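Chain and residue survey
Below are the chains, spelled out letter by letter.
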Amino acid sequence: MKKFIETIKNIFKIEELRKRLVYTFVLILIYRFGCFVVLPGIDASMLAGLRDSSSEGLVGLLDMFSGGAFGNASIFALGVMPYISASIVIQLLGVFVPYFRKLQMEGESGRKKMNQMTRWLTVLIICIQGPFYMANVHQQIPDVAFVAVNQLGWSPFMFNFVSTLILMAGSMFVMWLGERITDRGIGNGISLIIMIGIVARLPYALTAEIQEKLAANNGGLILLIVEIIVWLFVVMAAVALVQAVRRGPVQYAKRVIGNRQYGGVRQYIPLKINAAGVMPIIFAQAMMLLPLIFSKFDATRGLAATLGNTRGILYNVIFFILIVVFTYFYTAVTVNPTMMAESMKRDGGFIPGVKPGKKTVEYLDTIMSRVTFPGSIFLGVIAILPAFAMVLGVSTAFASFFGGTSLLILVGVVLDTLQQVESYLLMRHYDGLMKTGRLSGRSGM
């Protein structure tokens, strides 16, 4: 404990780090305040139906990413999801379209062009999502909740148009906050905003679970302690999944420049076990919503109900298989062995026992295929753990933290932020955040 207090003091001794932390904290407060500002013209006391409809499925995922703003009909209701969607599209175009692949190779100038394209695509996505969101709001809350239409005499079209513009401005402002945090704060701004939205739900979920278990007369306190212990083990497993890498040896040729010798040492390429992150879970969740389309027809309503049961065996088996498939797909899209081999060859590096060029590409591709398999299985297990938790009696709100997208994002962002804080400490010759153990990127790794 004394070591931990000393580390906290060292953090605030570094002026630049202290300013960045305060700046990040202030912008996060602004974001959280905006999450509770309801769209003008809507009675905030009548949003219960919208909040209930935002608890499950893809809509529940959007509400989680927005920190509850989606269910509050907030000016930040769309959050950063349009920007994330645009970033994914641009990233995929960088793999399949030669023009975007060329921009990726141009360095800083190409990155600026791609960022500008991402912003414009974000605006286009908001223009599509905004009207759909307003249609969902109209469907979930009573007509008397729309004060602007009933009392001020606005037409429904004008109200929806103005609300869409406000949603667009709110989403772009959230994106701006994320970029400012990245530039002048600590950590990745967009990821931090998503993480804060997830963390904001944890105290309510944990409090509700404690009250429910303590109200039970059949060993509720013991069950609560067991749940907390199991949850901590799941968090540890998620940390292991995020941090796990397969180190591929790389030998660099010796070069003599003047009186100095460069190279001739063995280094490693860190090949992540879970290179796809949380994207396979998001894609799989979107695919699992497709059966709901067939719920409108009498002949397929029973099948749709079976496939839509998140606690059912069939749902979770299909969900698991989709995650494994999407993990391989997204890893193949984002990890390019050809570019890795070319970069290695350009820097005078080679893998011992493997010929440069095509053989190196085949070797890297084989290694990635092998390490992706256990990573995809582990990711699939973590994704379906909330369903098992709900079957065993954990409340739906708290069960979402036993795995899935929320836990992986939470763990990944926290580790990334801690790594940046630790780099400041080590640069000023202070001890890191942990005297033992490893953070990704630590010199002692």
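Parameters at a glance
The residue numbers shown here count from 1 along each chain, following its written sequence. Local features in this predicted model are restricted to residues of pLDDT 70 or higher, and side-chain atom pairs are both shown and tallied only at a pLDDT of 80 or more, whereas totals for entire chains, interfaces and linings draw on every residue. Only hydrogens and water are removed before side-chain values are computed, so all heavy atoms of the structure are retained for them. A pocket, in this scheme, is an open set of points on a 1 Å grid over the protein atoms alone with protein on both sides within 12 Å along at least 5 of 7 lines, while a cavity is a set where a 1.4 Å probe fits but cannot get out; residues line either one if an atom lies within 4 Å of a point. Grid points are joined across faces, edges and corners, and a volume is the space filled by probe spheres set on the points. Secondary structure elements follow DSSP: runs of H or I of four or more residues count as helices, runs of E of two or more count as strands, with numbering from the N terminus. Under the scheme applied here, ten amino acids are nonpolar (Ala, Val, Leu, Ile, Met, Phe, Trp, Tyr, Cys and Pro), four are charged (Asp, Glu, Lys and Arg), and all others, including Gly, are polar. Residues belong to a common nonpolar core when they are buried Ala, Val, Leu, Ile, Met, Phe, Trp, Tyr or Cys residues joined through side-chain atoms within 4.5 Å. Each residue gets one of three labels from its accessible area relative to the maximum for its type: buried under 20%, exposed over 50%, partly exposed in between, using a 1.4 Å probe on protein chains only. To obtain an axis, a line is fitted to C-alpha atoms, over the contacting stretch when the element is a helix, and the angle between two such axes runs from 0 to 180 degrees between their N-to-C directions. Note on terminology: angles under 35 degrees are roughly parallel, angles over 145 are roughly antiparallel, angles of 65 to 115 are roughly perpendicular, and the others are oblique. Each helix crossing is assigned a hand: it is left-handed if the near helix lies turned anticlockwise from the far helix by less than a right angle, otherwise right-handed if that turn is clockwise. Should any heavy atoms of two residues lie within 4.5 Å, those residues are considered in contact. Note on aromatic contacts: the rings of Phe and Tyr and the six-membered ring of Trp form a pair at centre separations within 6.5 Å, being stacked when their planes are under 30 degrees apart, edge-to-face when over 60 apart, and tilted otherwise.

Another point: empty space enclosed by the protein. By the definition in use, this model includes 1 cavity of 30 Å³ or more. In terms of lining, the largest cavity is formed by Ala341, Met344, Lys345, Gly349, Phe350, Pro356, Gly357 and Thr360. Broken down by secondary-structure element, the contributors of at least two residues to the lining of the largest cavity are α16 (337-346) and β5 (349-350). Residue composition of the lining of the largest cavity, by class: 4 nonpolar, 3 polar and 1 charged.

One finds Ile42, Tyr133, Phe319 and Leu408 to be the most contacted residues of the largest nonpolar core, which totals 81 residues. With 12 residues, the next largest nonpolar core counts Val250, Val354, Leu364 and Ile367 among its residues.

This next bit is on the packing of α16 against helix α17 (residues 358-391). Contact geometry for α16 and α17: axes closest at 9 Å, N-to-C directions at 130°. Accordingly, the angle class assigned to the pair α16 and α17 is oblique. Every pair of crossing elements has a handedness; the one defined by α16 and α17 is right-handed. Here Pro337, Thr338, Met340, Ala341 and Met344 of α16 lie close against α17, whose contacting residues are Thr360, Val361, Leu364 and Asp365. Its residues assigned to classes, the contact of α16 with α17 shows 6 nonpolar, 2 polar and 1 charged.

Turning our attention to the packing of aromatic side chains. Summed over all chains, the structure comprises 9 aromatic pairs. Ring centres of Tyr99 and Phe100 lie 5.6 Å apart, and the angle between their planes is 80°; this geometry places the pair in the edge-to-face category. Residue class for Tyr99 comes out partly exposed when judged on its relative accessible area of 46%. Here Phe100 falls in the buried class, since its relative accessible area comes to 12%. On the numbers, 5.9 Å between centres and 35° between planes, the contact of Tyr315 with Phe319 is tilted. With Tyr315 and Phe319 both in helix α15 (residues 313-334), this residue pair falls 4 residues apart, about one helical turn.

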